[in-house]
Amino acid sequence: MTRSPTFRQRVEHIARAALAEALPPKQVAQAVARVSLAFAAAHRTARDPSALEACTDASIGSCIALSALTGLMPGGSHALVYLVPQAARRGEPPELQWRPTHRGYAALALEDAGLVLLPVAVFESDELEVSFGEAAHHQSFDQQGEIIGVYVTIRRAADGVVLSRPWIPKSTIEKIRATSRAGNRGPWGTHYEEMALAAAIRWCHGRGTIPSSSTRLQSAMVEEVSAEAAQITQVQRPARIGSRQPAPESHQIPADDMPEEAPARERQREAVERSEDEEEAP
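Position numbers for residues count from 1 along each chain, tracking the sequence in the order it is written. Restriction of local features to residues with pLDDT of at least 70 applies here, the model being predicted, together with a cutoff of 80 or more for giving and counting side-chain atom pairs; totals for whole chains, interfaces and linings are based on all residues. Here the side-chain values reflect all heavy atoms present in the structure, with hydrogen atoms and water set aside.

Enquirer: Is there a simple way to explain the overall build of the protein in this structure?
Expert: Only DSSP runs of H or I reaching four residues or more are called helices, and only runs of E reaching two or more are called strands; each is numbered from the N terminus. Counting its regular elements, the protein contains 10 helices and 8 strands. In the protein, 57% of the contacts between residues at least 6 apart in sequence involve partners at least 24 apart. The protein chains shown are the only cover counted for residues, whose accessible areas, like all others here, come from Shrake-Rupley with a 1.4 Å probe. Accessible area of the protein: about 15900 Å², with a carbon and sulfur share of 51%. Here a residue-residue contact requires only that any non-hydrogen atoms of the pair lie within 4.5 Å.

Next up, the structure:
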């Protein structure tokens, strides 16, 4: 009787096929070994290992490619990325989702852009002063009550200069959560604080407050930001070709939740639109 391959053996097989075209031949074996070891560790520590085993090969291959591209590996007590099985529709096989943590985003920002990202959750019992959309003062008191928001300190590692400290209220985090297919289960249900910290970093990146052109950082955030930016900036995006999900609806953010100073990207867009209107005017 033929024994079924272990999860690690299955990952190794998928990884060889997924990475063969993306990496030079000499690097494939090393990348396959590293990825399979990390995915096997995540499988061993998973609450339900069988859920990972049930995921499609194609979705596992996508997660393998992202881990190889960014260097963010799952597994360990302080994982840089989570592997989350999700079923697209009832009765369909689950697909493996690749979800970086705030630690993963911070690691990439430090390595590629020389930036220190420090997201901090603020609770109901804390004292917080917000000025011009940024956290000006925060004093924590034993983290009592619910989370009311997150601010992210963005600092240059070279000289310690703080570039900004944007404040992201819970109302915005909940809008981000609403765009997730696992908004009411999975990590959002079991590790809300960690997911809120990661969502705050993605929000900052989507608003242009994290100055980085890192390809790895862009790759880690592009899938999440593409859905969230449609909600936050009211940009109506079409559904991707071949996607079963419809285009997300745009939502108006209350004025109290919006930073008082528009981000540079938005100001540039408005300037371009004004110049185009002036050219068209008789």
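Enquirer: Where do I start with the layout of surface pockets in this structure?
Expert: It is a probe the size of a water molecule, rolled over the atoms, that shows where empty space is left. Empty space within the second largest pocket amounts to approximately 700 Å³. Sorting the residues of the lining of the second largest pocket by element identifies α2 (25-45), α3 (49-53), β1 (81-87) and α7 (187-190) as the ones contributing at least two each. The leading source of residues in the lining of the second largest pocket is β1, at 6 residues. Tallied by class, residues from the lining of the second largest pocket come to 13 nonpolar, 9 polar and 5 charged. Throughout, the protein atoms alone are placed on a 1 Å grid, and a set of points is a cavity if a 1.4 Å probe fits but cannot get out or a pocket if it is open with protein on both sides within 12 Å along at least five of seven lines; lining residues have an atom within 4 Å of a point. Grid points are joined across faces, edges and corners, and a volume is the space filled by probe spheres set on the points. Only Asp, Glu, Lys and Arg are considered charged in this grouping, and only Ala, Val, Leu, Ile, Met, Phe, Trp, Tyr, Cys and Pro are considered nonpolar; every other residue, Gly among them, is considered polar.

Enquirer: Where do I start with the pairing of strand β6 (residues 147-156) in this structure?
Expert: Consecutive side chains along a regular strand alternate between the two faces of the sheet. In terms of residue burial, β6 counts as a mostly covered element, since 7 of its 10 residues are buried. Pairing between β6 and strand β8 (residues 167-169): 3 bridges, direction antiparallel. Bridge pairing links Val150 to Ile168 in β8. In the sheet, β6 pairs with strand β7 (residues 162-164) via 2 bridges, with the strands oriented antiparallel. Bridging from a neighbouring strand, Arg155 pairs with Val162 of β7. Strand pairing is assigned whenever DSSP identifies at least 2 bridges connecting the two strands. Remark: 5 residues form the turn of the hairpin made by β6 and β7, two consecutive strands paired antiparallel; Gly160 in that turn has positive phi of roughly 75 degrees. Only protein chains enter the calculation, and the probe is 1.4 Å; a residue is then buried if its accessible area is under 20% of its type maximum, exposed if over 50%, and partly exposed in between.

Enquirer: Quick question: what am I supposed to make of the pattern of salt bridges here?
Expert: Where charged atoms from two side chains of opposite charge come close, those side chains can pair. The working definition used for a salt bridge is a side-chain nitrogen of Lys or Arg within 4 Å of a carboxyl oxygen of Asp or Glu. Summed over the entire model, instances satisfying the criterion amount to 8 salt bridges. Residue Glu146 pairs with Lys170 through a salt bridge whose shortest N-O separation is 3.2 Å. Linking Glu146 in the loop between β5 (134-139) and β6 with Lys170 in helix α6 (residues 170-178), this pair joins segments that are 24 residues apart in sequence. Note on Lys170: relative accessible area 24%, which makes it partly exposed. Linking Arg177 and Glu174 is a salt bridge whose minimum nitrogen-to-oxygen distance equals 3.7 Å. Residue Arg177 and its partner Glu174 are located together in helix α6, separated by 3 residues, close to a single helical turn. The exposure class of Arg177 is buried, given its relative accessible area of 18%. Given a relative accessible area of 29%, Glu174 falls into the partly exposed group. Connected through shared salt-bridge partners, Glu111, Asp112 and Arg216 make up one network.

Enquirer: Looking at this model, I keep getting lost on the pairing of strand β2 (residues 94-100). Mind explaining?
Expert: The element β2 is largely enclosed, with a buried count of 6 among its 7 residues. Pairing geometry for β1 and β2, over 7 bridges, is antiparallel. Pairing of Ala87 across the sheet is with Pro94, part of β2.

Enquirer: Can you walk me through helix α5 (residues 102-113) in this structure?
Expert: In an α-helix there are 3.6 residues to a turn, and that puts residues three or four apart on one side. Given a rise of 1.5 Å per residue, 12 residues ought to cover 16 Å, and the 16 Å separating the end C-alpha atoms of α5 matches this to within 8%. Just downstream of α5, Gly114 is the residue with a positive phi angle, here 65 degrees. Here the expected span of a helix is defined as 1.5 Å times the quantity of residues minus one.

Enquirer: Would you mind going over the packing of helix α1 (residues 7-19) against α2 with me for this structure?
Expert: For any two helices packed against each other, one specifies the crossing angle of their axes together with the interaxial distance. Here an axis means a line fitted to C-alpha atoms, over the contact stretch when the element is a helix, while the angle between two N-to-C directions is reported on a 0 to 180 degree scale. Here α1 crosses α2 at 145 degrees, and the two axes come no closer than 9 Å. Note on packing geometry: the crossing formed by α1 with α2 is right-handed. Taking contact as the criterion, the partners of Phe7, Arg8, Val11, Glu12, Ala15, Arg16 and Leu19 in α1 are, on α2, Val28, Ala31, Val32, Val35, Ser36, Leu37, Phe39, Ala40 and His43. Looking at the contact of α1 with α2, its residues break down into 11 nonpolar, 2 polar and 3 charged. Each crossing gets its handedness from the near helix: less than a right angle anticlockwise from the far helix is left-handed, clockwise is right-handed.

Enquirer: Explain the side chain of Arg103 to me, please; I cannot follow it from the model alone.
Expert: Checked against the element boundaries, Arg103 lands in helix α5. One polar contact links Arg103 to Glu194, side chain to side chain, over a distance of 3.0 Å. Beyond its immediate chain neighbours, meaning those up to four positions away, Arg103 contacts His78, Ala79, Leu80, Tyr82 and Glu194. Two N or O atoms count as a polar contact when they lie within 3.5 Å, although within protein this holds only if one can serve as hydrogen donor and the other as acceptor, and sequence-adjacent residues are included solely when both atoms are side-chain atoms.

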